[in-house]
Amino acid sequence: MTEPSTRPADSGSGWQPEEADRLRDILRAPGYAKVLVFSAVIGIPISLTAFWFLVGLHQVEHLVWADLAHGLGWDRPPWWWPLPLLLVAGVVVGLVAARLPGAGGHIPAAGLHAGGTPPVTLPGVVLAAAASLPLGAVLGPEAPLIALGGGLALCFRDLTRAPATPQTTVLLGAAGAAAAIAAIFGNPVIAAVLLIEVAGVGGPQLFAVMLPALLSSGVGALVFTGFGRWTGLDTGNLSLTLPAPLPRLDAADVLWTVLIALVIALLLRPVLAAGRRVAAYVSARPVPRTVVCALGAGACAALYALVTGRSPADVALSGQATLGELAAQPQVWGVGALIAVLLLKSAAYALCLGSLRGGAIFPALFLGAAAGVLLAPLPGLGTVPAMAAGMAAATAAVLRLPVSSVVLVVLLLGSSAMMPLVILAVVIAFVTTELLPDGTPAAPTGPSRPLGR
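What you see is a predicted model; the values in this text were computed from it and never measured. (Residues numbered from 1 in each chain as written. Predicted model: local features only at pLDDT ≥ 70, side-chain atom pairs only at ≥ 80, totals over all residues. Heavy atoms only, no water.)

A closer look at the overall build of the protein chain
A count of helices and strands for the protein chain gives 16 helices and 0 strands. Residues counted as buried form 53% of the 453 residues belonging to the protein chain. Counting contacts in the protein chain only where the partners sit at least 6 residues apart, residues at least 24 apart contribute 80% of the total. Element-wise, carbon and sulfur atoms account for 67% of the exposed surface of the protein chain, whose accessible area totals about 18,200 Å². (Helix = DSSP H or I, 4+ residues; strand = E, 2+ residues; numbered from the N terminus. Buried < 20%, exposed > 50% of the residue type's maximum accessible area, 1.4 Å probe, protein only. Contact = heavy atoms within 4.5 Å. Areas by Shrake-Rupley, 256 points an atom, 1.4 Å probe, with all protein chains shown as cover.)

Next up, the structure:
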C-alpha cells in the first residue's frame, strides 16, 4: 500500500486535503484491498493456532495445579508447591532470554507491543510463555498471543511472497495480533480496540489499521468459537458470574468510585515501578537473576498459603480462574485473606513483570476486583459497583489505554449497568497515572506501550 500523494495547495489559501479525501484514497489503493483480503484469510489459521495454544496452556495448568496435587493425595496444592514450579519457569525463561532470538518476547514491564513480531522469534515466545504461564507466573496470555498472531501473519505473508513493505508489516501485524487476542477475551471488538489503541494512530491511519484488525478478529472469532464447541475443549476464557440483579447506581457509588480509582492508581504505581526495576536488574545476567525473581514470586505464593490456609494458586498464576471464583462467591473471602492476596500477589506481580513472559491485564483485573471486594462494605457502596470500579481503575492504571479499559471491563461485567462507574474510574485512574512523575528506568525492550509511568 502506498501513501496517497498530497494535492497541491490553492494559491494563497493554505488549503490542505480533507481527511475524508485522504481516507478515500487509502481505501481505493489496490495494495490496501489486498491487505483486507489477506487479513480475512489469515484470521482462520491464526485463530486455530491461538485455540490450540490456549488449550495447551490450560491443560498443563490444570494438570500441574489440580490433577498432580490430587494424585499425590492433597485436596489443594500444599504451601511449597509454587517453589519448584517457578524454579523450572525461571530456568527455562532465563535460558530462552539469553540464547534464543527475540529473548522470548518483550518484557511485560514494558507494556504491550502492537504486533509485527519477526517470525524468527516465535519459537522463543512460545517456549517462554509455556514455561511461565502454567507454572505460576503472575501474568496473563494476552502478550504472547499478540506476538504469536502478529508473527504468524508476517510468516504467512512471506510464504505467499506478498510485498514486504512497512505499511503491510504494520497492518498485517495488527490484523494477526487481533485475530489471536480475540480468542482469550471472547470478543473481536475488544481485540481490535486494544490493538488500535496500542498502535496509537489517528485520522485516516486509524481507519486503515482498524479495518484489517476488525476483519481478521471477526473471522478468527467465528472460527475459534465454532471449533471450540466442536471439540469441547476449554481454553479458560475470561468470564464472570455476578450476583443478580445488578444494583441501581446512586450518589454514594459515584463518590466512592472517585476515591477507589485514585487510591488504586496511587498504589499500583510502585508495583509497576518495581517491575521496571526488576527488568533492569535481570537484563545484566538473565539466567541467574530470572531464577531468583521467579523463586521470589513463588515465595510470595507460599507465604500466602502458610498465612491464610488457602491455595497458593490465589497468588500464583494470572488470576483468571480465581477472579471468576471471587466474583461468584465474594463472601467466602475474609478480610485477612483479601489483604494478604493484595499484598503478596502485587509483590509477585512486580517480580514477574520484570523477569518472566506474559501479559499484565489479567493480574491487574484480579487485583482491582479484590480491592473492590475488600472495600465493598463501605457505607452505600456494595460488591458489584466496588468490583467494577476496582477493575476499571486497575486496568487503566496498568495499561494506560482508557478506551480499551472501558470496553474490556464492561464486556467482562456482561452488562452496561455499571458503565458510568467504569468510565469514571478509568478516567480518574488514567489521568492520575499520567500526572504522576516517573523516575524509574525503562524496561529493556523494543517499541511498545509502557505500563503505568
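On we go.
Some points on empty space enclosed by the protein
Tallying each qualifying case throughout the model produces 2 cavities of 30 Å³ or more. The volume enclosed by the largest cavity comes to roughly 70 Å³. Around the largest cavity sit Gly 104, Gly 105, His 106, Val 125, Ala 129, Ala 143, Pro 144, Ala 147, Arg 357 and Gly 358, which together line it. When contributions to the lining of the largest cavity are tallied by element, the ones reaching two or more residues are α4 (122-132) and α5 (142-159). (1 Å grid on protein atoms, 1.4 Å probe; cavity = no way out; pocket = protein on both sides within 12 Å on 5 of 7 lines; lining within 4 Å. Points joined across faces, edges and corners; volume = space filled by probe spheres on them.)

Focus on unusual backbone geometry
Located in the positive-phi region is Ala 103, a residue other than glycine, with phi close to 55 degrees. Turning to its location among the elements, Ala 103 is positioned in the loop between α3 (82-99) and α4. Residue Arg 400 is not a glycine yet carries a positive backbone phi of 55 degrees. Looking at where Arg 400 falls in the secondary structure, it is placed in the loop between α14 (383-399) and α15 (402-413).

A closer look at the pattern of salt bridges
Under the criterion given, the structure shown has 2 salt bridges. For Asp 314, the salt bridge goes to Arg 310, with nearest N and O atoms at 2.9 Å. Arg 400 serves as the salt-bridge partner of Glu 434, at 2.6 Å between the closest nitrogen and oxygen. One end of the pair, Glu 434, is in helix α16 (residues 419-435); the other, Arg 400, is in the loop between α14 and α15, with 34 residues separating them in the sequence. Of the residues examined, Arg 400 reaches a relative accessible area of 10% and is grouped as buried. (Salt bridge = Lys/Arg side-chain N within 4 Å of Asp/Glu carboxyl O.)

Some details on the side chain of Arg 357
Along the chain, Arg 357 falls in the loop between α12 (335-355) and α13 (361-375). Buried and unpaired, Arg 357 has no salt bridge, with Glu 142 as the nearest side chain of opposite charge at 13 Å. Of note is the side chain of Arg 357, whose polar atom sits 3.1 Å from the backbone oxygen of Ala 103. A distance of 3.0 Å separates the side chain of Arg 357 from the backbone oxygen of Ser 355, its partner in a polar contact. (Lys, Arg positive; Asp, Glu negative; His and termini not counted. Polar contact = N/O pair within 3.5 Å; in protein donor to acceptor, adjacent residues only side chain to side chain.)

Quick word on a nonpolar patch on the surface
A grouping of Leu 68, Leu 72, Trp 74, Trp 79, Trp 80, Leu 303, Leu 306 and Val 307 is seen on the molecular surface, where their side chains present a nonpolar patch of about 780 Å² in accessible area. Considering every element that reaches the nonpolar patch, the biggest residue donor is helix α10 (residues 286-308), with 3 residues. Relative to the assigned elements, Trp 74 resides in the loop between α2 (30-71) and α3. (Patch = residues over 30% accessible without salt bridge, like charges linked within 9 Å, V, L, I, M, F, W, Y side chains within 5 Å.)

Concerning the environment of Ser 47
Here Ser 47 shows up in helix α2. For the pair Ser 47 and Gly 220, spaced 173 residues apart in sequence, the C-alpha separation works out to 4.9 Å. There is a polar contact of 2.9 Å between the side chain of Ser 47 and the backbone oxygen of Gly 43.

Concerning the packing of α13 against α14
Two numbers describe how α13 lies on α14: the axes approach to 7 Å, and their chain directions differ by 145 degrees. Crossing of α13 over α14 shows right-handed handedness. Contacts from Ile 361, Ala 364, Leu 365, Gly 368, Ala 369, Gly 372 and Val 373 of α13 reach α14 at Thr 383, Ala 386, Met 387, Gly 390, Met 391, Ala 394, Thr 395, Val 398 and Leu 399. Of the residues contributing to the contact of α13 with α14, the split by class is 11 nonpolar, 5 polar and no charged. (Axes fitted to C-alpha atoms, helices over the stretch in contact; angles between N-to-C directions. Left-handed = near helix turned anticlockwise from the far one by under 90°. Nonpolar A, V, L, I, M, F, W, Y, C, P; charged D, E, K, R; others polar.)

Description of the packing of aromatic side chains
Summed over the entire model, instances satisfying the criterion amount to 5 aromatic pairs. Ring centres 5.7 Å apart and planes at 80 degrees place the aromatic pair Trp 74 and Trp 80 in the edge-to-face group. Cluster of aromatic residues (ring-pair linked, three or more members): Trp 74, Trp 80 and Trp 81. Here Arg 310 stacks its cationic end above the ring of Trp 333, 3.9 Å away from the centre of that ring. We note Lys 345 situated over the ring of Phe 366; from NZ or CZ to the ring centre the distance is 5.2 Å. (Phe/Tyr/Trp six-rings, centres within 6.5 Å; stacked < 30°, edge-to-face > 60°. Lys NZ or Arg CZ within 6 Å of the ring centre and 35° of its normal.)

Things to note about the packing of helix α11 (residues 320-328) against α13
Pairs of packed helices are described in terms of their axes, by the angle between the two and the distance that separates them. Contact pair α11 / α13: the axes reach a minimum separation of 9 Å and the direction vectors enclose 25 degrees. Between α11 and α13, the interaxial angle falls into the category roughly parallel. Crossing hand, α11 versus α13: left-handed. Along its contact with α11, which presents Gln 320, Thr 322, Leu 323 and Leu 326, the element α13 presents Phe 362, Leu 365, Phe 366, Ala 369, Ala 370 and Val 373. (Parallel < 35°, antiparallel > 145°, perpendicular 65-115°, else oblique.)

Some thoughts on the confidence of the model for the protein chain
Scored by pLDDT, the protein chain comes out at a mean of 84, with 81% of its residues at no less than 70. Counting interchain partners and residues more than four positions distant, the pLDDT-below-50 stretch residues 1-16 has 20 contacts. (pLDDT = per-residue confidence, 0-100.)

Observations regarding the nonpolar core
As a rule of thumb, soluble globular proteins bury nonpolar side chains together. Judged by nonpolar contacts, the single largest core of 134 residues is most densely connected at Phe 185, Tyr 349, Ile 361, Met 391 and Val 422. Broken down by element, this core gets its largest block of residues, 13 residues, from α14. Those residues in contact with Val 422, other than ones at most four positions away along the chain, are Ala 388, Ala 392, Val 406, Val 409, Val 410 and Leu 413. (Core = buried A, V, L, I, M, F, W, Y, C linked by side-chain atoms within 4.5 Å.)

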